[in-house]
Amino acid sequence: MRFNKHLIIAATCAVCAVGLAAGCAPQQAESGPGTSGGDAGQGQEPSQEESLTPEQQAVIDGAEGTTNADINEDFYPGKEYLDNLWDRWDQVAEEYAPEIRTLPDGNMVQRTPTEYAVNPDAWQIQAGSNSYNTYWLDADNRGCESCHADMNALLKNLPYEHPVAWNDELDNKMTVQQCLFCHSYAPGYIAKQYEFGTLMHAVHYNTRNKAEFANDYQGDCMSCHNATENGEGLELWDLTKYDRLWGINDVENVQGEFSIDQEKTQGQDGVFSYDWMHAYYDNMRHGAGVNGLDLEMPQSLFDEWTITVDGSVNEPYTAKLPDLIAEAEAAGVVVTKTSKMVCNWNPVGGGGATNTEITGIPVGWLIEKAGGMKEGTTGVKALRADGSSQRAFPKSKVEANEALLVYKIGGEYLDATRGYPCTNWVEGVDAQINSKQIDTYHVTDEDIDYTDKWAGNPNGWQNEDGVAMNHPNATILGVPDGLLVQNGQPHTFGGYVDAFDEKIASMEFSMDRGKTWTKYDLGDTDRNKLVWWSFTYTPELEGAYCLTVRATTESGQQSFETQTVMFNAKDKLPSPEETTVLESAALVPPKAEAPSDEKSE
């Protein structure tokens, strides 16, 4: 919801503010240029001419060789005008102070910087009493989150099922940057390319929403866009605002404490699931796990599930899943380990990544049980029981034991959303190969392009120029736009970095909006696990800061897209009562829960 400032400031300063905007000075009293111009009832000196010495008058007249060292500024012509000017802007600054919100999760955010330090060229604004960002740019009322305080909540509550781009356990914060990643160039996923603008303008200006957007929230083109003379036309405000706003403290060659971890894991609830949208049974699996239903899957499905290994093998077979598990456990080949899963469509800042503990049977062992591969084998097709997926992975994944038939995540049997009773799992590649409810491994000698995004398992998403958009992907987690932190105290930022089949060689941090970078080498990392990073920084100056991250792979490939978050260091953090407390973070109400049998009767 959008919280606009009062449209009219206090009556005592309304006329003055309009006068200022029109370039008009306050009316002077009719006592002549030599008088103080003040109200006689305020007991001021009767006239400057009677109070100024000849030497002071000479300074005012600009006599050659004079200085203003001895001048009393209270008698200088225009002093009262300046006093009124500062008073007016003090009032405006108080009225238009940047809004601080308390979000439903307890985080406090201030989306617009306070201008503690003033641009030296901004002669008309007094330090400590400035409001360029809010009074002139109206920044509090611009950008997606001026109305939609939490984009994750918005996507969750949409009247149709949006792909699960959020990840509550990761705590990634969706912004328009992630929206554009998917809604720009995505053949095979999005029906028409570069249609995000068409969609958003239709949503906000259609017959259902136009009146509410324009009247209730005073929305217009500038609510979402920025217009300037740089030749870029109408830019999205959220993508350019950090270059437009005043009051952001730039820190050259920022220093902090950096560390990484690859063993931290998420539970089953934190394992993302995008691919429910691809086929009918994907929807069935998804539907069984959403809205807190967590339907218990029948044990009989597990007990009677069969796995077939056929194709380019010497002794094809079909066996029940429980029997295979028991035989593999007896043979001591069952694997339990930390492993990552990442979607090739996962944007920078996205939630399509996980590090979790998996338990499964190596596909290589299953194939050996079938007498081994025949000569000429190139790879394996992972076939779902519903026939909705026939992606393949190369035999090198089998030989490296990077392909597994997984039946537990985090020590628990799979739930419906993750593919109960079992799923294929291949490390270091696109998650699309992790076919849920797999029932067949078809060993093949076909000439397959195993990097193709439809037949195989690509490593990242490419734009129409063939440039990798998220290889590598350096993401910041858990920082809503404008997060308030305690000035002078260390604050730890965190996130993940990944490059699918490549190791991450280094990470870099910037706090002067990309002018300088501080580099950290990661050493030898495991490409089959996410790299969780943390960076602890202690702000020394009150005000807003921007943190930007990027990464470089072992082959030298650098982040094509970077993510930036803004935070505000405060000497004194406000209490929730001093902020705008949001009980709901989305304008769109949550979906209604499915009625129980009793209610439906």
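Residues numbered from 1 in each chain as written. Predicted model: local features only at pLDDT ≥ 70, side-chain atom pairs only at ≥ 80, totals over all residues. Heavy atoms only, no water.

**Focus on the sheet that holds strand E11 (residues 392-394)**
A sheet is described by the order of its strands in space; here five strands give the open sequence E7-E6-E15-E10-E11, paired in mixed fashion. Strands at the two margins of the open sheet, each flanked by one partner only, are strand E7 (317-320) and E11. With direction set aside, neighbouring strand axes in the sheet form an average angle of 20°. Of the strand pairs in this sheet, strand E6 (residues 306-311) and E7 are connected by four bridges, and their pairing is antiparallel. (Pairing = 2+ DSSP bridges. Helix = DSSP H or I, 4+ residues; strand = E, 2+ residues; numbered from the N terminus. Axes fitted to C-alpha atoms, helices over the stretch in contact; angles between N-to-C directions.)

**Side note on the pattern of salt bridges**
Enumeration over the complete set of coordinates arrives at 22 salt bridges. As a salt-bridge pair, Asp524 and Lys503 come within 2.6 Å of each other at their nearest N and O atoms. Of the two residues, Asp524 is situated in the loop between strand E20 (518-521) and strand E21 (531-537) and Lys503 in the loop between strand E18 (491-498) and strand E19 (504-510); the sequence distance between them amounts to 21 residues. According to the relative accessible area criterion, Asp524 is exposed, its value standing at 68%. Each of Asp105, Asp171 and Lys173 takes part in a single network of salt bridges with overlapping partners. (Salt bridge = Lys/Arg side-chain N within 4 Å of Asp/Glu carboxyl O. Buried < 20%, exposed > 50% of the residue type's maximum accessible area, 1.4 Å probe, protein only.)

**Describing the environment of Leu522**
Turning to its location among the elements, Leu522 is positioned in the loop between E20 and E21. Residues Leu522 and Ser506 lie 16 residues apart in sequence; the distance between their C-alpha atoms is 5.2 Å. If near-sequence neighbours (up to four positions away) are discounted, Leu522 is found in contact with Phe258, Ile260, Ile504, Ala505, Ser506, Met507 and Val531. (Contact = heavy atoms within 4.5 Å.)

**Topic: the sheet that holds E21**
Spatially, the four strands line up as an open sheet ordered E5-E21-E18-E16, and their pairing is antiparallel. With partners counted over all chains shown, the strands left at the sheet margins are strand E5 (257-261) and strand E16 (473-477), one partner each. Neighbouring strand axes in the sheet, compared pairwise and without regard to direction, differ in orientation by 25° on average. Bridge analysis of E18 against E21 gives seven bridges, and the strand direction is antiparallel. When the sheet's bridge partners are listed, His491 is paired in E21 with Tyr537.

**Things to note about the environment of His183**
Along the chain, His183 falls in helix H8 (residues 176-183). Considering only alpha carbons, one finds His183 and Gly197, 14 residues apart in sequence, at a separation of 9.2 Å. Filtering out sequence-adjacent residues up to four positions away, His183 remains in contact with His162, Ile190, Tyr194, Glu195, Phe196 and Leu199.

**Details of the packing of aromatic side chains**
Scanning all chains against the criterion turns up 22 aromatic pairs. Ring centres of Phe493 and Phe567 lie 4.9 Å apart, and the angle between their planes is 50°; on these two criteria the pair is classed as tilted. In this pair, Phe493 is assigned in strand E18 and Phe567 in strand E23 (residues 563-570), connecting sequence segments 74 residues apart. Side by side, Phe493 and Phe567 carry an identical accessibility label, which is buried. With 4.3 Å between their ring centres and 10° between their planes, Phe509 and Phe535 make a pair best called stacked. Taken as a pair, Phe509 in strand E19 and Phe535 in strand E21 lie far apart in primary sequence, 26 residues in all. (Phe/Tyr/Trp six-rings, centres within 6.5 Å; stacked < 30°, edge-to-face > 60°.)

**So, the state of the cysteines**
Within this structure, the stated rule accounts for zero disulfides. Looking at the unpaired Cys224, the closest cysteine sulfur is the one in Cys144, lying at 6.2 Å. Accessibility expressed as a relative area gives 29% for Cys224, which makes it partly exposed. Looking at Cys343, it has no disulfide partner, and the nearest cysteine sulfur is the one in Cys182, 8.1 Å off. (Disulfide = S-S within 2.5 Å.)

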